[in-house]
Amino acid sequence: MKELTKISKKLSYMLRHSTEPLYIDLNGGWADVNTIIKALRVKYPQVGRAVLDEIVANDEKGRYSYNADKTKIRANQGHSIPGVMIEMEQPDPPEYLYHGTATRFLDSIKRTGLIPMSRQYVHISPDFETAVKVGKRHGKPVVLVIDAKRFVADGNELYLSANGVWQAKQVPPEYFTIKNAE
Ligand code: HQG
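Residues numbered from 1 in each chain as written. Predicted model: local features only at pLDDT ≥ 70, side-chain atom pairs only at ≥ 80, totals over all residues. Heavy atoms only, no water.

### As for the pairing of strand β4 (residues 72-75)
Link 1 in the chain: With two bridges connecting them, strand β2 (residues 30-32) and β4 associate as antiparallel partners. Looking at β4, one finds that A31 is bridged to I73.
Link 2 in the chain: Bridging between strand β3 (residues 64-66) and β4 involves three bridges; their strand directions are antiparallel. Bridge pairing in β4 links Y64 to A75. (Pairing = 2+ DSSP bridges. Helix = DSSP H or I, 4+ residues; strand = E, 2+ residues; numbered from the N terminus.)

This is the structure:
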């Protein structure tokens, strides 16, 4: 793995999941850039503003944002730390959205619907191909096609993160159908 990828993984862990020490302000999920640089330097002494700038600018999923004066940094989504509040938009969704998962989870998902597991939200992709990629992280991929417009019309909340990942607190089984990914 490239050194920059390793640093990015550590950064995303610190901003999304690390409670000890708690780097982030629950209100907005922001962390102080200098504190983060210091913490990353323990293992990666080459980290400074330039490295962080490169990671934020080039991340292929747009995982991170700076605040306006670049004193703070945050992950745009994916948190597990309880209580982190990141403001998100609630635009009208397209007819269908997609959740990629692994076939081994299907029995459980059919029973209880989609639930966030260790994260704050269920992550939902805008297109089928992205969902297949997400599913492959867990095993043999399968895609749940979510009836997004009906989900929202029925009064359920659906959010869109700054980097284009749709999020819901849960998705009951009546809102999705299962589509083979191969
Ligand atoms: C599954 C990556 C059993 C769910 C990606 C998923 C994504 C259930 C797994 C982001 C279940 C949780 C998130 C139920 C849901 N029973 N299993 N009732 N309900 N599950 O990693 O969506 O690279 O927390 O289907 O691009 O895979 O990290 O979520 O398989 O956007 O930036 O439980 O992670 O982004 O797994 O991935 P995860 P995810 P990053």
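### Notes on the sheet that holds β3
Link 1 in the chain: Ordered by their spatial adjacency, four strands build an open sheet running β1-β2-β4-β3, and the pairing between neighbours is antiparallel. Looking along the sheet, the strands with just one partner apiece sit at the ends: β1 (24-25) and β3.
Link 2 in the chain: Sheet contacts for helix α1 (residues 3-16): β1, β2, β3 and β4; angle to β4, the most-contacted strand, approximately 90°.
Link 3 in the chain: In the packing of helix α2 (residues 33-41) onto the sheet, contacts are made with β2, β3 and β4, and the angle to β2 comes to roughly 70°. (Contact = heavy atoms within 4.5 Å. Axes fitted to C-alpha atoms, helices over the stretch in contact; angles between N-to-C directions.)

### Notes on the side chain of R63
Link 1 in the chain: When you line up the elements, R63 lands in the loop between α3 (49-58) and β3.
Link 2 in the chain: Under the relative-accessibility criterion, R63 is labelled buried at 17%.
Link 3 in the chain: Among the polar contacts made by the side chain of R63, one reaches the side chain of D59 at a distance of 2.8 Å.
Link 4 in the chain: Filtering out sequence-adjacent residues up to four positions away, R63 remains in contact with R16, R74, A75, N76 and N163. (Buried < 20%, exposed > 50% of the residue type's maximum accessible area, 1.4 Å probe, protein only. Polar contact = N/O pair within 3.5 Å; in protein donor to acceptor, adjacent residues only side chain to side chain.)

### Brief notes about the packing of α1 against α2
In a packed pair of helices, the relevant descriptors are the angle between the two axes and the axis-to-axis distance.
Link 1 in the chain: The contact between α1 and α2 brings their axes to 11 Å, and the two run at 125°. Taken together, the axes of α1 and α2 are oblique relative to one another. Every pair of crossing elements has a handedness; the one defined by α1 and α2 is right-handed. Residues I7, K10, L11, M14 and L15 of α1 lie in contact with α2, whose contacting residues are I36, A39 and L40.
Link 2 in the chain: Considered class by class, the residues forming the contact of α1 with α2 number seven nonpolar, no polar and one charged. (Parallel < 35°, antiparallel > 145°, perpendicular 65-115°, else oblique. Left-handed = near helix turned anticlockwise from the far one by under 90°. Nonpolar A, V, L, I, M, F, W, Y, C, P; charged D, E, K, R; others polar.)

### Observations regarding the domain arrangement of the protein chain
Link 1 in the chain: Assigned domains of the protein chain: these are domain 1 (2-75) and domain 2 (96-180).
Link 2 in the chain: Taking the mean C-alpha position of each, domain 1 and domain 2 sit 27 Å from one another. (Domains from an automatic or database assignment.)

### Side note on the environment of Y64
Link 1 in the chain: Its location among the elements puts Y64 in strand β3.
Link 2 in the chain: Exposure remark for Y64: the relative accessible area of 5% places this residue in the buried category.
Link 3 in the chain: Linking Y64 and G83, residues 19 residues apart in sequence, is a C-alpha distance of 19 Å.
Link 4 in the chain: Ignoring anything within four residues of it in the chain, the contact list for Y64 reads S8, L11, S12, L15, I55, V56, D59, R74, A75 and N76.
Link 5 in the chain: Of note is the side chain of Y64, whose polar atom sits 2.8 Å from the backbone oxygen of S8.

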